[in-house]
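# Chains, contacts and geometry: an overview
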Amino acid sequence: MRAVVFENYGEFPSLTEFPKPEPGPGEVLLRVAGAGACHSDISVYRVFEEGQPGAQKPPFVLGHENAGWVESVGSGVSERVTVGAAYMVYGPIGCQHCRKCAQGRETYCENAATMPYLAVGLGRDGGMAEYMTVPERHLIPLGDADPVAAAPLADAGLTPYHAVKQSLPYLNGGGRYALVIGLGGLGQIGVQVLRALSGATVIATDVKEEARARAEADGAVTVAAGDRQVEDIRELTGGRGADAVFDFVGADPTVSAAAASVAQGGRVNVVGIAGGTHEFSFFTNPYESYLTNTYWGSVGELWEVVDMYRAGQIRPEIERFAMDDALEAYRKLEAGEINGRAVVVP
Ligand code: NAD
Ligand code: ZN
């Protein structure tokens, strides 16, 4: 079968022939419907070096945002799994023997350091291929919902959903403001989730005008990036700042803008992994404000994301790429030329 393979640290992936996988015990073979190209993949193949925290050893098939149809099942798989039906894939894979895994929070597996991989498409072969194998417990039924547009929700939906859900206590009440920085694959869904789950005014900012226009269509008030960005955000919030801030870029300028825009007692959540830092001291931050980071989300939360997708509350804007053009999807993602999320349709 054909697959997008990360072959060596620091190198652009290849589109190449790869052995079709066989489902092991408790696993299913999925015919992939769609695989989202996440900005984190760029860090996987361009930024991480061997031995660095987060680095996943090549070679493996990329693609940690997947949905597809069950083609066949391995030994011991429940008869409740329907061959031919469409399922969403929960990507993170933990040890299954610790308290975090027991809670369905495999992202925070206590034995992650000794696991051979973090997730499908992150150390283990992922879904940028015609077929992939997935442990049965990682499947969420999609019913009659479109599995192609669903695919990116496995990360670009789940990650903002988890971040927003944790911030809801800060947005609960009248006159609250949420700020979303970076309106790409994750940020566009972040705006939709905030609009659906909170009554807060959503302020959204991005360097790209098309990205801001998308957020406006989803009900956000937008602010351009640049010199006046923080001032404009302060003005929109009546000088108070935003009660919850989500940074879906995570670079020095966005982490600084996030910290400068948060209200007293508010919460900044850095989701982007660009490695930006921010000074924290008694004098540099609003009183009783919180600075945190979140990584992906739980399998239970992904069930909730699927519910929102099926209810039309989450509407990912996607650009489809045939397998032949899969590398073009990554080239465009690196160049900032993707609108919404690129999905490879094998
Ligand atoms: P993307 O490329 O689809 O979108 C990024 C957006 O940020 C683009 O619209 C871009 O124009 C905008 N942007 C870039 N620099 C900016 C700046 N200085 N100010 C304002 N906007 C700016 O990326 P994505 O796939 O949505 O991922 C976003 C980030 O989140 C990446 O760092 C990615 O690696 C990370 N990520 C984190 C998790 C997690 O669990 N924490 C999960 C998935 C992705
Ligand atoms: Zn575990």
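Residues numbered from 1 in each chain as written. Chains lettered and ligands numbered in written order. Predicted model: local features only at pLDDT ≥ 70, side-chain atom pairs only at ≥ 80, totals over all residues. Heavy atoms only, no water.

## Quick notes on the overall build of the chain
Helix and strand content of the chain: ten helices and 18 strands. The principal-axis extent of the C-alpha atoms belonging to the chain is close to 60 × 40 × 40 Å. In the chain, the proportion of contacts linking residues at least 24 apart, taken out of those at least 6 apart, comes to 69%. Counting only carbon and sulfur atoms, one obtains 49% of the accessible surface of the chain, whose full area is about 14,600 Å². Averaged over its 27 positive side-chain charges, the chain has a centre that lies 5 Å from the centre of its 43 negative ones. (Helix = DSSP H or I, 4+ residues; strand = E, 2+ residues; numbered from the N terminus. Contact = heavy atoms within 4.5 Å. Areas by Shrake-Rupley, 256 points an atom, 1.4 Å probe, with all protein chains shown as cover. Lys, Arg positive; Asp, Glu negative; His and termini not counted. Charge placed at Lys NZ, Arg CZ, Asp CG, Glu CD.)

## Here's the deal with the domain arrangement of the chain
Assigned domains of the chain: these are domain 1 (2-155 + 297-345) and domain 2 (158-293). Of note, the centres of domain 1 and domain 2, computed from C-alpha atoms alone, are 27 Å apart. In this assembly, 24 residues from domain 1 lie in contact with 20 residues from domain 2. Summed over both sides, the interface of domain 1 with domain 2 buries roughly 1,900 Å², with 51% coming from carbon and sulfur. (Domains from an automatic or database assignment. Buried area = accessible area lost by both parts, 1.4 Å probe.)

## Describing empty space enclosed by the protein
Enumeration over the complete set of coordinates arrives at one cavity of 30 Å³ or more. Along the walls of the largest cavity sit Pro 92, Ile 93, Gly 94, Glu 106, Thr 107, Cys 109, Ala 112, Met 115, Tyr 117, Leu 118 and Tyr 295, which together make up its complete lining. Classifying every residue of the lining of the largest cavity gives eight nonpolar, two polar and one charged. (1 Å grid on protein atoms, 1.4 Å probe; cavity = no way out; pocket = protein on both sides within 12 Å on 5 of 7 lines; lining within 4 Å. Points joined across faces, edges and corners; volume = space filled by probe spheres on them. Nonpolar A, V, L, I, M, F, W, Y, C, P; charged D, E, K, R; others polar.)

## Focus on the packing of helix H4 (residues 158-171) against helix H9 (residues 299-310)
Between H4 and H9, whose axes approach to 10 Å, the crossing angle comes to 105 degrees. The orientation of H4 relative to H9 falls into the category roughly perpendicular. On H9, the residues touching Leu 158, Tyr 161, His 162 and Lys 165 of H4 are Glu 301, Leu 302, Glu 304, Val 305 and Met 308. When its residues are assigned to classes, the contact of H4 with H9 shows five nonpolar, one polar and three charged. (Axes fitted to C-alpha atoms, helices over the stretch in contact; angles between N-to-C directions. Parallel < 35°, antiparallel > 145°, perpendicular 65-115°, else oblique.)

## Some details on the site of ligand 1
Inspection of the region around ligand 1 gives 24 residues, with His 39, Ser 40, Asp 206, Trp 296 and Arg 341 positioned closest. Here a nitrogen atom of ligand 1 and a backbone polar atom of Val 271 are 2.9 Å apart. Contact between ligand 1 and Ile 273: an oxygen atom at 3.0 Å from a main-chain N or O atom of the residue. The fraction of the free accessible surface of ligand 1 (870 Å²) that becomes covered by protein chains is 86%. Elements with a contribution of two residues or more to the shell around ligand 1: helix H1 (39-47) and helix H5 (185-197). Class assignment for the residues of the shell around ligand 1 results in eleven nonpolar, nine polar and four charged. Here the shell around ligand 1 gathers at least three residues from each of two domains, domain 1 (2-155 + 297-345) and domain 2 (158-293). (Near = heavy atom within 4 Å. Polar contact = N/O pair within 3.5 Å; in protein donor to acceptor, adjacent residues only side chain to side chain.)

## Quick notes on the packing of aromatic side chains
Across all of its chains, the model carries ten aromatic pairs by this definition. A centroid spacing of 6.0 Å and a plane angle of 75 degrees characterise the contact between Phe 6 and Tyr 9, whose relative ring orientation is edge-to-face. We classify Tyr 9 as partly exposed; its relative accessible area is 23%. Here Tyr 170 and Tyr 290 contribute two aromatic rings whose centre-to-centre distance is 6.2 Å and whose plane-to-plane angle is 70 degrees, an arrangement assigned as edge-to-face. (Phe/Tyr/Trp six-rings, centres within 6.5 Å; stacked < 30°, edge-to-face > 60°. Buried < 20%, exposed > 50% of the residue type's maximum accessible area, 1.4 Å probe, protein only.)

## Examining the coordination of the zinc ion (ligand 2)
Cys 95 (SG), Cys 98 (SG), Cys 101 (SG) and Cys 109 (SG) make up the full set of protein donors to the zinc ion (ligand 2), lying at 2.3 to 2.5 Å. Seen from the zinc ion (ligand 2), its four donor atoms lie at angles of 99 to 119 degrees, and the figure they make is tetrahedral. (Donors = N, O, S within 2.8 Å, 3.2 Å for Na, K, Ca; no water. Tetrahedral: all angles 85-135°; square planar, octahedral: opposite > 155°, others 65-115°.)

## Side note on the nonpolar core
Judged by nonpolar contacts, the single largest core of 72 residues is most densely connected at Leu 62, Met 88, Met 128 and Phe 246. Among the elements that line this core, the one with the most residues is H9, at six residues. Two domains share this core, each providing at least three of its residues, namely domain 1 (2-155 + 297-345) and domain 2 (158-293). (Core = buried A, V, L, I, M, F, W, Y, C linked by side-chain atoms within 4.5 Å.)

## Overview of the side chain of Asp 155
Considering the arrangement of structural elements, one finds Asp 155 in the loop between helix H3 (147-150) and H4. Among the polar contacts listed, one links the side chain of Asp 155 to the side chain of His 64, at a separation of 2.9 Å. Sequence-distant contacts of Asp 155, defined by excluding residues within four places in its chain, comprise Cys 38, His 64, Glu 65, Pro 160 and Trp 296.

## Things to note about the sheet that holds strand E1 (residues 2-6)
Taken together, three strands build an open sheet; the order of strands is E2-E1-E4 and the sheet is antiparallel. With one partner strand each, in any of the chains shown, strand E2 (14-17) and strand E4 (60-61) form the two edges of the open sheet. Direction of pairing for E1 relative to E4: antiparallel, over a ladder of two bridges. Pairing of Phe 6 across the sheet is with Phe 60, part of E4. (Pairing = 2+ DSSP bridges.)

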